[in-house]
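Examination of the molecular architecture
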Amino acid sequence: MTLTVEQSLVILGFFTAAAYVLVGLIAGLWPSMWDDSGATEQIFWIVFLVGGGLLILAGLRRSRRSPWLAAALISIGAVAGALPLFWTVLAIVLAIALIVLSVVYARRVAGAAPAAD
């Protein structure tokens, strides 16, 4: 079974968005994780991870109607969510893969659109 670019984008996007939101909420609200840190770091963590996940979801939702807007939303969300987790190689790899997939998808959809008369 071969996945299309759109299917790959949706699967990887939902996985990444869910992971960002869950990690942002669970780790961000876990009291003992922030004993040695200030509130600024905790807020940064929650906003960037949860916000990044929500941007990815918004981009996936818009992907068929406005593929370039979707690519921008997915790219910004992927980078925003990867920032607090930069030390994990997986977050960076997921962000790069999502950015590439969203741009490839947008180029394919834009190229398949009929020319305006």
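How each quantity is defined
- Residues numbered from 1 in each chain as written.
- Predicted model: local features only at pLDDT ≥ 70, side-chain atom pairs only at ≥ 80, totals over all residues.
- Heavy atoms only, no water.
- Phe/Tyr/Trp six-rings, centres within 6.5 Å; stacked < 30°, edge-to-face > 60°.
- Helix = DSSP H or I, 4+ residues; strand = E, 2+ residues; numbered from the N terminus.
- Core = buried A, V, L, I, M, F, W, Y, C linked by side-chain atoms within 4.5 Å.
- Buried < 20%, exposed > 50% of the residue type's maximum accessible area, 1.4 Å probe, protein only.
- Polar contact = N/O pair within 3.5 Å; in protein donor to acceptor, adjacent residues only side chain to side chain.

Before going further, it helps to examine the packing of aromatic side chains. Each aromatic ring pair is characterised by the separation of its centres together with the angle its planes make. Evaluation of the coordinates by the stated rule reveals one aromatic pair. With centroids separated by 4.3 Å and ring planes inclined at 40 degrees, the aromatic side chains of Phe44 and Phe48 adopt a geometry described as tilted. Residue Phe44 and its partner Phe48 are located together in helix H2 (residues 39-62), separated by four residues, close to a single helical turn.

Let's shift gears to the nonpolar core. Leu9, Tyr20, Ile56, Leu85 and Leu98 are the most contacted members of the largest nonpolar core, which has 20 residues in total. Of all elements in the fold, only helix H1 (5-29), H2, helix H3 (67-82) and helix H4 (89-112) reach the threshold of two or more residues within this core.

Moving on to the environment of Gln7. Residue position: Gln7 is located in helix H1. For Gln7, a relative accessible area of 38% corresponds to the partly exposed category. Of the polar contacts made by the side chain of Gln7, one reaches the backbone nitrogen of Thr4; its length is 3.0 Å.

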